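# Structure at a glance
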Amino acid sequence: MSLPSVNPIKTNAWKKLQQHFQETKNVKMQDLFAEDETRADRFAISWNDFYVDFSKNRITSETFSLLLQLAEDVNLKEAIQQQFSGANINETENRAVLHTALRDFKNMKPEVANALQQMKQFSEAVIQGDWKGYTGKPITTIVNIGIGGSDLGPDMVTEALTYYKNQLQTYFISNVDGDHVMETLKKLNPETTLFIIVSKTFTTQETLTNATTVRSWFLKTASESDVAKHFVAVSTNLEAVKEFGIASENIFPMWDWVGGRFSLWSAVGLSICCSVGYTNFEDLLKGANEMDGHFSETPFQENIPVVLALLSVWYANFYKAESEAVLPYTQYLTKLVPYLQQAIMESNGKSIDRNDAPVDYETGTIIWGGTGTNSQHAFFQLLHQGTKLIPSDFIGFAESLHGNKEHHDKLLANFIAQTEALLQGTEGVTTPNNYKKFEGNKPTNTILIQKLTPKSIGSLIALYEHKLFVQGIVWNIYSYDQWGVELGKNIAKHTLKAIQSSERMKNSSTNNLLSKI
Ligand code: F6P
């Protein structure tokens, strides 16, 4: 079964939205709030411990219903069913897209249950000190070696759950730049360090180069027979892993129906599991699974990922907003933005539709951002007074983990003040100079979560996974391949040869650069 393929701009809803946009593009949210006391309640969704306020958007009831109509017109319901049923919706790679099956405890596939069991036993042995290094000492340090989806998700979640972390020290090595691995190695003791090599394909240049460098470093003090105690791998490519010298009992599985950027829920998340323990890892999965239920069963008007995706389409395709800012108000989510950049931009950075034809409308938004309050003192000036429209997601937690009321009150005061300022601007305030004027009317979503827990982080990540899926369906593109990164990888093979020999490339600029190296 293939995904429905509907050109969004040919739908009735799109045409109506175009006209509606012309009529309402100069609408001021300040006026919409003044005219309607119920607005904040009408444009908000409460779900579990999430409260999503999307009332500070340039939408009226009509905009909202037309956007919902667009979701119907592109057959979103059918697309969701297909994804969850395991149809090969990643058609360009002929694969299913079933990261949701990794956290579906009710209908768990036996191979997923086995992998979780393997992760549980392994992580418990490491955490409890039963897994010994080659000199008999317990493991103190975990190092994840991977890149892209085999790095960003585990790294982001491990950092997000720092509060729940155990005594193990965790490092991530990803960049092929030797600075990354060399600086990390300086901090490591080979006797007490365990390396997790994560690569779905086990062909990725960066990961294999780093893994080989690390193994050579390890073998300076240990012997080949000690490798089994210090190296494990997560991959679909069992042959290549064994060839690398990793014992088959130390290989954790991956499946081709899990895309790299959606894989933290699988054994790719082994470093998370070791850092926070299996129970917390399972809670992360449960939180994501609850969001899967919400997404697949809730009517679109109350469906958080659907609503956020449609708002994003509204700005990207009608207001021509090119980017979106993601602004978590917690230091724990410092790595959320790079993670979402891969998830969203690798998925929806496409310009060919599902009929293999070039699109003639905008697709994938540029994702950027940073943590509040630091970002307020960095780039918020441009959000407030710049010329670009940048819809933003403000993510915050009602309760703190540290319990220091003064800090948390001040953090939340800023969190709320910013969306208020972006909405209201200086309207009604007399300012003598234009440069002191703020127009306001800047759209924001507020995602307020009760508390940062493994479960709520699981739900939050799944929210964005589903949001990007909905956008891909509306834009009629394939969100689950990433052919765009292949060309550069292939050319890098040739440029490496050129650097290491006297071979030259076609282009004179490239050759001039090569001659300088
Ligand atoms: O270059 C992009 C990519 O293919 C990602 O999609 C993937 O997460 C990453 O490379 C790493 O791939 P692997 O897990 O096979 O090493």
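Structure's up top.
Computed from a predicted structure; not experimentally measured.

What follows deals with the overall build of the protein. Tallying secondary structure elements over the protein gives 20 helices and 11 strands in all. Taking 2.2 N^0.38 as the reference for a compact globule, 517 residues should give roughly 24 Å; the C-alpha atoms of the protein span a radius of gyration of 24 Å, in line with that estimate. Taken over the C-alpha atoms alone, the protein extends approximately 75 × 60 × 50 Å along its principal axes. A burial count over the protein gives 55% of its 517 residues as buried.

The next point concerns helix α14 (residues 304-318). Turn by turn, an α-helix covers 3.6 residues, leaving residues three or four places apart pointing in a common direction. Compared with an ideal rise of 1.5 Å per residue, which puts 15 residues at 21 Å, α14 spans 21 Å between its outermost C-alpha atoms and is within 8% of the ideal. When you tally the buried positions in α14, you get 15 out of 15 residues, the bulk of the element. After α14 finishes, the residue Lys320 shows a positive phi value of roughly 60 degrees.

The next point concerns the nonpolar core. Within the largest apolar cluster, 123 residues are counted, with the highest numbers of intra-cluster contacts made by Ile447 and Phe469. It is α14 that contributes the most residues to this core, 12 residues altogether. Composition of this core by domain shows at least three residues from each of domain 1 (8-96 + 287-427 + 437-475) and domain 2 (104-276). Contacts of Phe469, omitting those with residues within four sequence positions, involve Leu76, Ala79, Ile80, Gln83, Ile89, Phe295 and Tyr480. Counting residues in each nonpolar core, the second largest holds 24 residues, with Tyr171, Val181, Val214 and Ile246 among its members.

A separate point is the site of the ligand. Around the ligand lies a shell of 14 residues, among which Ser150, Ser199, Thr201, Thr204 and Glu346 are the nearest. Side-chain polar atom of Glu346 to an oxygen atom of the ligand: 2.7 Å apart, as the coordinates give it. Considered on its own, the ligand offers 400 Å² of accessible surface; in the complex 87% of this is hidden by protein. Tallied by class, the residues present in the shell around the ligand amount to 2 nonpolar, 9 polar and 3 charged.

So, on to the pattern of salt bridges. Evaluated as defined, the whole model comprises 20 salt bridges. Here Lys455 ties to Glu290 by a salt bridge, and the two come within 2.9 Å at their closest N and O atoms. Of the two residues, Lys455 is situated in helix α18 (residues 454-474) and Glu290 in helix α13 (residues 278-297); the sequence distance between them amounts to 165 residues. A relative accessible area of 33% places Lys455 in the partly exposed class. Judged by relative accessible area, which is 30%, Glu290 ranks as partly exposed. Where Lys350 meets Asp481, a salt bridge forms, and the shortest distance between an N and an O atom there is 2.9 Å. In this pair, Lys350 sits in the loop between α15 (336-348) and β9 (366-369) while Asp481 sits in the loop between α18 and α19 (486-500), placing the two residues 131 residues apart along the sequence.

Cut-off values and rules
- Within each chain, residues carry numbers counting from 1 in the order of the written sequence.
- Where local features are concerned, this predicted model is filtered to residues with pLDDT of at least 70; where side-chain atom pairs are given and counted, the filter is 80 or more; whole-chain, interface and lining totals use all residues.
- With hydrogens and water stripped out, all remaining heavy atoms of the structure feed into the side-chain values.
- Numbered from the N terminus, helices here are DSSP runs of H or I no shorter than four residues, and strands are runs of E no shorter than two.
- For a compact globule the rule gives 2.2 Å times the number of residues to the power 0.38, and the radius of gyration it is set against comes from C-alpha atoms.
- When a residue's accessible area, from a 1.4 Å probe over protein chains only, is under 20% of the maximum for its type it is buried; when over 50% it is exposed; and in between it is partly exposed.
- What a helix should span is 1.5 Å times the count of its residues minus one.
- Note on terminology: a nonpolar core comprises buried Ala, Val, Leu, Ile, Met, Phe, Trp, Tyr and Cys residues joined through side-chain atoms within 4.5 Å.
- An automatic or database domain assignment supplies the residue ranges for each domain.
- Whether two residues are in contact is decided by their heavy atoms: any pair within 4.5 Å suffices.
- Being near a molecule or strand, for a residue, means having at least one of its heavy atoms within 4 Å of it.
- In the analysis that follows, any N or O atom pair within 3.5 Å is treated as a polar contact, provided that within protein one partner can donate a hydrogen and the other can accept it, and provided that, for residues neighboring in sequence, both atoms belong to side chains.
- Surface accessibility in these figures is a Shrake-Rupley result with a 1.4 Å probe; residues are shielded only by whichever protein chains are displayed.
- Only Asp, Glu, Lys and Arg are considered charged in this grouping, and only Ala, Val, Leu, Ile, Met, Phe, Trp, Tyr, Cys and Pro are considered nonpolar; every other residue, Gly among them, is considered polar.
- For this document, the term salt bridge refers to a Lys or Arg side-chain nitrogen within 4 Å of an Asp or Glu carboxyl oxygen.

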